[in-house]
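Chain by chain, the residues run as shown.
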Amino acid sequence: MDHGVERQHYNVTFTLLAAAAVSYALLQSLVAPALLTIQHDLDTTTTGAAWILSAYLLSASVVTPIAGRLGDMYGKKLVMVAVLVVLAAGTALAGLATSIGVMIVARVIQGAGGAIFPLAFGIIRDEFPPERVPQGIALISAILGIGGGLGIVLAGPILAHFTYHWLFWFPLIAVLIALVGIIVFVPESPVRARGRIDPVGAILLGGWLVTLLVAISEGSAWGWTSGRTLGLLVATAVLIPVWIWWEARSRAPVVDMHMMRLRGVWTTNLAALLFGFGMYSSFILVPQFVEQPRAAGFGFAASVTQAGLFLVPATLGMLVAGPISGRLSSTVGSKVPLLIGSLVSAAGFFILAVAHDSHWQIYLAMAVMGIGIGFAFASMANLIVEAVPAEQTGVATGMNTIVRTIGGAIGSTVAAEIVAATVVNGEATERGFTIAFAASAVALVVAFLAGLAVPARRVRTAEPEAARRKIAPVRQGEARQWR
């Protein structure tokens, strides 16, 4: 009798996870360049159009760590399938939307897709051979940046030849392919965390994320000293310590505070916050800069499509750096590519600050930045995976993703405020962009300094690996087999 434990080959699993990750990354970035078009077609205000992005960000921020925790408890494949079903429903609704209200509801539903990444990391950790785990996580991590860049590149051609509805129909195809493939081919994880979801902890977590991110995203429009902005910031300042207090005492915390205090976790999250601050502003600053009319004395009067092409070198850089980062994680540890990525990304912004008069200078800076992002994104996920038990992979990587998102929201807002503060006669100035580029470079240098505090690589051995998986040793005559 065959005692083998048959599993699908990990390359098939990776391909399906990559399809799911690409679909989410595209949905995150395709919409931004099309906001003006969508605003016009849906006959809404600038504020209403801005909520198309904000609703997606808020929903993803709340759902990601909670869904990661559910995956740890009830099975990562099961929760991944549920997330993809919800994402498909929201994407279809967005494709059909003819009013701003329906579009915002659809984007809230789509935000559930943010959980794809922590769930994918957990599946890779459970299903891949140990020596392949760092590379698998590195590639999935790189896809978030690659898909983000591709979305900005592809938005222009899609809008030029189709209606904005196709910004959702095309990614929906990838979502459905990934959904069917994962149902059929990806096995369920044998690793489970005990417990339940504490509703109070989940509400408190969602509460401070919403108040913080709404304050950050709307503060510029409302005014940073307005009652609404200050009220939300005060609410955040109250909710965060209450949430930490509650989770530390809960028997079933959504986020284990003991885990969050692990040196490998909090140092990586700090680096992620700072890296997000520096990196995400590039997706706002560079397209705005190159689209400036030549009469302004800088910029290249680029169209939306042309502006997207300036980001292609960054996408290629991420594609190259991701696998290299994974191999470095396997040989010298994940701390090294984090440090490399922070410094290289800082160099990219420094190039933009001092040299931005020619097309090739922008291309060079974006290629350098893409390489840095590819290294750092991949390493952060691997550092978290290495620092926590297998049954906490989903929630731990989910929190790391959200911390990076918070940093990105703050960084993007600061960059926009710097540019706005240096406007002359209603027009953006070269000085404003230069200061914003330099500020991002400084943030990434600080991220490098934070990365120095990350613990050095632990040596893996066979026995800890078995303990990490919390799976009984394979009996004689049994083996895990990949088809």
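Keep in mind that what you see is a predicted model, and the values were worked out from it rather than measured.

Student: So, the overall build of the protein: which residues are in play, and what are the values?
Tutor: The helix and strand tally for the protein stands at 20 helices and two strands. Since a compact globule built from 483 residues should have a radius of gyration of about 23 Å, the 22 Å found for the protein is in line with a globular shape. Dimensions of the protein along its principal axes, counting C-alpha atoms only, are 80 × 45 × 45 Å. Relative to its full complement of 483 residues, the protein shows a buried share of 56%. Once local pairs closer than 6 in sequence are excluded, the contacts in the protein between residues at least 24 apart make up 81%. Surface summary for the protein: the accessible area is close to 19,300 Å², and the carbon and sulfur share equals 69%. On the protein, the mean spot of the 29 positive side-chain charges and the mean spot of the 23 negative ones are 8 Å from each other.

Student: Please provide a residue-by-residue account of the environment of E427, values included.
Tutor: For E427, the location among the structural elements is in the loop between helix 18 (393-421) and helix 19 (430-451). Accessibility expressed as a relative area gives 47% for E427, which makes it partly exposed. With 161 residues separating them along the chain, E427 and W266 place their C-alpha atoms 41 Å apart.

Student: Go over the nonpolar core, please, and point to the residues and values.
Tutor: Grouped together as the largest cluster of nonpolar side chains are 108 residues, with contacts concentrated most on L84 and I140. Contact partners of I140, with chain neighbours within four places excluded, come to F14, L17, A18, F117, A120, F121 and I124. Counting 28 residues, the second-largest nonpolar core is a separate cluster that includes L205, L209, L213 and I402.

Student: Please give an account of unusual backbone geometry that cites residues and values.
Tutor: Most peptide bonds adopt trans geometry, and most residues besides glycine take a negative phi value. The phi angle at D43 is positive, at roughly 55°, despite the residue not being glycine. Within the secondary structure, D43 sits in the loop between helix 2 (35-41) and helix 3 (46-74).

Student: I'd like to hear about the packing of aromatic side chains, residue by residue, with values.
Tutor: Each aromatic ring pair is described using two quantities: the centre-to-centre distance and the angle formed by the ring planes. Taken as a whole and judged by the stated rule, the model has 17 aromatic pairs. Look at W245 and W246: their rings are 6.2 Å apart centre to centre, the planes differ by 55°, and that puts the pair in the tilted class. Judged by relative accessible area, which is 30%, W246 ranks as partly exposed. Ring centres of F310 and Y363 lie 5.0 Å apart, and the angle between their planes is 20°; this geometry places the pair in the stacked category. Residue F310 is found in the loop between helix 14 (304-309) and helix 15 (312-331), and its partner Y363 is found in helix 17 (residues 359-387); the two are separated by 53 residues along the sequence. Residue classification places F310 among the buried positions, given a relative accessible area of 3%. When its relative accessible area of 32% is taken as the criterion, Y363 is described as partly exposed. Linked through ring pairs, F289, F298, F300, F310, F349, Y363, F433 and F437 together constitute an aromatic cluster.

Student: Let's hear about the packing of helix 6 (residues 116-127) against helix 7 (residues 133-161): which residues, and what values?
Tutor: Where helix 6 contacts helix 7, the axes come no closer than 9 Å and their chain directions differ by 165°. As far as their axial angle goes, helix 7 and helix 6 are roughly antiparallel. Regarding helix 6 and helix 7, the two cross each other, and that crossing is right-handed. Residues F117, A120, F121, I124 and R125 of helix 6 form the contact with helix 7, whose own contacting residues are V133, G136, I137, I140, S141 and L144. Within the contact of helix 6 with helix 7, the residues separate by chemical class into eight nonpolar, two polar and one charged.

Student: I'd like to hear about helix 18, residue by residue, with values.
Tutor: Under the 1.5 Å per step criterion, the end-to-end length of helix 18 is 42 Å for 29 residues, consistent within 8% with the ideal 42 Å. Taking burial as the measure, the 29 residues of helix 18 include 23 buried ones, the bulk of the element.

Student: Provide a residue-level description of helix 13 (residues 282-290), including the pertinent values.
Tutor: Listed as buried for helix 13 are S282, L285, V286, P287, F289 and V290. In the core, the buried residues of helix 13 are packed alongside helix 12 (263-280), helix 14, helix 16 (335-354), helix 17, helix 18 and helix 19.

Student: So what's going on with a nonpolar patch on the surface? Which residues, and what values?
Tutor: A cluster of nonpolar side chains, namely V12, V180, I183, V184 and F185, defines an oily patch on the protein surface of about 410 Å² accessible area. The leading source of residues in the nonpolar patch is helix 8 (residues 166-185), at four residues. Relative to the elements of secondary structure, V180 occurs in helix 8.

Student: Please set out the pattern of salt bridges residue by residue, giving values where relevant.
Tutor: All chains considered together, the criterion is met by one salt bridge. D126 is the salt-bridge partner of K76, the closest N and O atoms lying 2.9 Å from each other. Separated by 50 residues along the polypeptide, K76 in helix 4 (residues 76-96) and D126 in helix 6 bring together distant segments of the chain.

Student: Tell me about the side chain of T429, and name the residues and values.
Tutor: Within the element layout of this structure, T429 appears in the loop between helix 18 and helix 19. Within the structure, T429 has its side chain in polar contact with the backbone nitrogen of G432 (distance 3.2 Å).

Student: Could you give an account of the confidence of the model for the protein, with specific residues and numbers?
Tutor: Per-residue confidence for the protein gives a mean pLDDT of 84, with 93% of residues at or over 70. Note on residues 1-5: pLDDT under 50 across the span, and nine contacts to partners over four residues away in sequence or across chains. For the stretch residues 459-483, pLDDT sits under 50, and the model shows 45 contacts to residues farther than four places along the chain or on other chains.

Student: Go over the side chain of R125 with me, naming the residues and quoting the values.
Tutor: Mapped onto the elements, R125 comes out in helix 6. An unpaired buried charge is present at R125: no salt bridge exists, and D126, the closest side chain of opposite charge, is 5.8 Å distant. Separated by 3.2 Å, the side chain of R125 and the backbone oxygen of V385 make a polar contact.

Student: Describe the environment of W208, naming the residues involved and giving the relevant values.
Tutor: If you trace the backbone, W208 turns up in helix 9 (residues 199-222). You can call W208 buried: its relative accessible area is 8%. On a C-alpha basis, the gap between W208 and W243 in space is 8.4 Å, while along the polypeptide they are 35 residues apart. Setting aside its immediate chain neighbours within four residues, W208 contacts T236, L239, I240, W243 and I406.

Student: Quick one: what's the story with the packing of helix 13 against helix 17, residue by residue and with numbers?
Tutor: Interhelical geometry of helix 13 versus helix 17 gives an angle of 170° and a closest axis separation of 13 Å. By the angle class used here, helix 13 and helix 17 are roughly antiparallel. Residues S282, V286, F289 and V290 of helix 13 lie in contact with helix 17, whose contacting residues are I362, M366 and M369. Tallied by class, residues from the contact of helix 13 with helix 17 come to six nonpolar, one polar and no charged.

What counts and how
Residues numbered from 1 in each chain as written. Predicted model: local features only at pLDDT ≥ 70, side-chain atom pairs only at ≥ 80, totals over all residues. Heavy atoms only, no water. Helix = DSSP H or I, 4+ residues; strand = E, 2+ residues; numbered from the N terminus. Rg over C-alpha atoms; globule rule 2.2 N^0.38 Å. Buried < 20%, exposed > 50% of the residue type's maximum accessible area, 1.4 Å probe, protein only. Contact = heavy atoms within 4.5 Å. Areas by Shrake-Rupley, 256 points an atom, 1.4 Å probe, with all protein chains shown as cover. Lys, Arg positive; Asp, Glu negative; His and termini not counted. Charge placed at Lys NZ, Arg CZ, Asp CG, Glu CD. Core = buried A, V, L, I, M, F, W, Y, C linked by side-chain atoms within 4.5 Å. Phe/Tyr/Trp six-rings, centres within 6.5 Å; stacked < 30°, edge-to-face > 60°. Axes fitted to C-alpha atoms, helices over the stretch in contact; angles between N-to-C directions. Parallel < 35°, antiparallel > 145°, perpendicular 65-115°, else oblique. Left-handed = near helix turned anticlockwise from the far one by under 90°. Nonpolar A, V, L, I, M, F, W, Y, C, P; charged D, E, K, R; others polar. Expected span 1.5 Å × (residues − 1). Patch = residues over 30% accessible without salt bridge, like charges linked within 9 Å, V, L, I, M, F, W, Y side chains within 5 Å. Salt bridge = Lys/Arg side-chain N within 4 Å of Asp/Glu carboxyl O. Polar contact = N/O pair within 3.5 Å; in protein donor to acceptor, adjacent residues only side chain to side chain. pLDDT = per-residue confidence, 0-100.

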